[in-house]
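Summary of structural features
Single-letter residue listing:
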Amino acid sequence: MPQFWVVFPVAEWPLFTLFTALGQSEGAHLMRPNFPRSLILLAALLPLFTNPLRAYATDTDVIAKWVQYTVDGVEARAVVKDRCPAIRIDGRSVGMVERAAPTEEHLNTVCTAKLPRGVRSVRLNGEHLPVPVEQPKRIVVMGDTGCRLSKKHGLYQSCDNDSLWPFAQVARSVEAAAPDLILYTGDYIYRESPCLDGDVGCKESPYIIYDPKDGEDVPARSHTWEADWLLPGQPVHRAAPLLLIRGNHEVCKRAGKGWFRYLDARPYSGDGDCEDATDPWVVTFRSMQIAVMDVTSTKDEHGNSRAPQFAAQLRQLDSELYKPAWIASPILRVRGRRRAQQRR
């Protein structure tokens, strides 16, 4: 019998849902060596072959690492301080490819490596990364996990307090649940204003300035991405491959540039451009499909509704989906309808 949990831990009532079923385990075999001295010598020389002349980053350079579904399959991604590291895929060392170089706004490097279908083992810096399964049986759905710092809303969470900003608690509980897949519904970044003077709960917290004034000191946006998602989300990154959805906090006028740099499912252009809307895409598993729709911008650059565009995308998906399917997109509130309902 499936089990179901709902937890509302963070800024805008994020959803944490877990479906459980029977899992599988694999055994490992250990072979005793006949020539221990030879093995000792081999172990001493092995780093010269796997990491010649420090061609790749060291352990301390990696800020965050995860596995995610993309339009072209499954990728391992890493955010590092310097050069892209080597990654071991089924025991073979492969150099990760640079996805995004450092900029004035984002001081880190984003790296990627495509994973082959049926991959069984992925290791980065000696740590295992989760591998995809053909038939996910345990699925976590979560989102809205950033720490709210908003002058507009008059809300300033205590970002250093796990009880008042419980993302760390939620992340650990997700890892403990051992899911096969994590469906992340967006809104990764919530730090959009400086902490108020005298507020020790969010003192010195990074934040994103969307419309800086001339001469205004603009903090690097990478610090905010690290504080709101890349660092506190590490237990989630370790737990299962991610299917990442864009939220309205990741529209172009907010944290959109960071979304395309770090998380978008498509190749990165590298020029820092941001698209207000992207086409839907589909992930196919053994007995189901998940279609991802980008509905974060409900109006185009001329102020016209995108509803006809969304309708056309749904018709397109209707022709592409041939298994039981989920359509994954952030659920946007229609304010006019809500107010009308409140007046009744």
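Residues numbered from 1 in each chain as written. Predicted model: local features only at pLDDT ≥ 70, side-chain atom pairs only at ≥ 80, totals over all residues. Heavy atoms only, no water.

Let's shift gears to the sheet that holds strand 16 (residues 281-284). Strands sit in the order 16-17-18 across an open sheet of 3 strands; the sheet is mixed. Only two strands of the sheet have a single neighbouring strand rather than two, namely strand 16 and strand 18 (325-328). The mean inter-strand angle of the sheet, taken between neighbouring strand axes irrespective of direction, is 20°. Bridging between strand 16 and strand 17 (residues 289-292) involves 4 bridges; their strand directions are antiparallel. In the sheet register, W281 faces strand 17, and the bridge partner there is V292. (Pairing = 2+ DSSP bridges. Helix = DSSP H or I, 4+ residues; strand = E, 2+ residues; numbered from the N terminus. Axes fitted to C-alpha atoms, helices over the stretch in contact; angles between N-to-C directions.)

What follows concerns the pairing of strand 5 (residues 86-89). Here strand 5 shows a buried face lined by I87 and I89 and an unburied face lined by A86 and R88. In terms of strand pairing, strand 5 meets strand 6 (residues 92-95) through 4 bridges, oriented antiparallel. Bridged to I89 within strand 6 is R92. Where strand 5 meets strand 9 (residues 122-124), 2 bridges bridge the pair, whose relative direction is antiparallel. Residue pairing for strand 9: R88 is matched across the bridge by R123. (Buried < 20%, exposed > 50% of the residue type's maximum accessible area, 1.4 Å probe, protein only.)

Following the sequence through the fold, R261 ends up in helix 5 (residues 256-262). The buried charged residue R261 lacks any salt bridge partner; its closest oppositely charged side chain belongs to E98, at an N-O distance of 7.9 Å. Once you skip the residues sitting within four places of it in the chain, R261 turns out to touch R99, A100, A101, P102, T103, H106, N108, T109, V110 and Y268. (Lys, Arg positive; Asp, Glu negative; His and termini not counted. Salt bridge = Lys/Arg side-chain N within 4 Å of Asp/Glu carboxyl O. Contact = heavy atoms within 4.5 Å.)

Quick look at helix 6 (residues 307-320) now. Given a rise of 1.5 Å per residue, 14 residues ought to cover 20 Å, and the 20 Å separating the end C-alpha atoms of helix 6 matches this to within 8%. Restricting attention to buried positions, one finds in helix 6 the residues F310, Q313 and L317. End-on view of helix 6: buried residues confined to an arc of 60°, all on one side of the axis. Facing away from the buried side of helix 6 by over 90 degrees, the exposed positions are P308, R315, D318 and S319. (Expected span 1.5 Å × (residues − 1). Arc of directions from axis to C-beta.)

In this section: the environment of E127. By secondary structure assignment, the location of E127 is in strand 10 (residues 127-129). Exposure remark for E127: the relative accessible area of 42% places this residue in the partly exposed category. The spatial distance from the C-alpha of E127 to the C-alpha of I87 is 10.0 Å, given a sequence separation of 40 residues. Sequence-distant contacts of E127, defined by excluding residues within four places in its chain, comprise K65 and V122. Side chain to side chain, E127 and K65 meet in a polar contact 3.0 Å long. (Polar contact = N/O pair within 3.5 Å; in protein donor to acceptor, adjacent residues only side chain to side chain.)

Once that is clear, we can look at the pattern of salt bridges. Using the criterion set out here, one finds 10 salt bridges in the structure. Note that E75 and R77 form a salt bridge whose closest N and O atoms lie 3.0 Å from each other. Between R83 and D82 there is a salt bridge; the shortest N-O distance is 3.7 Å. The class of R83 is partly exposed, set by a relative accessible area of 34%. Classification of D82 as partly exposed rests on a relative accessible area of 41%. One network of salt bridges, in which partners are shared, links E75, R77 and K114.

Before going further, it helps to examine the pairing of strand 16. In regular strands, side chains alternate between the two faces of the sheet. Every second residue of strand 16 is oriented toward a common face, the buried set being W281 and V283 and the non-buried set V282 and T284. If you look at the hairpin formed by strand 16 and strand 17, you'll find 4 residues sitting between the two strands.

Further remarks concern the state of the cysteines. Applying the stated criterion to the full structure yields 4 disulfides. With its sulfur 2.1 Å from that of its partner, C84 forms a disulfide with C111. Measuring handedness by torsion sign, the sulfur bridge of C84 and C111 sits at about -90° and is left-handed. Residue C84 is found in the loop between strand 4 (73-80) and strand 5, and its partner C111 is found in strand 8 (residues 109-115); the two are separated by 27 residues along the sequence. The class for C84 is buried, based on a relative accessible area of 10%. (Disulfide = S-S within 2.5 Å.)

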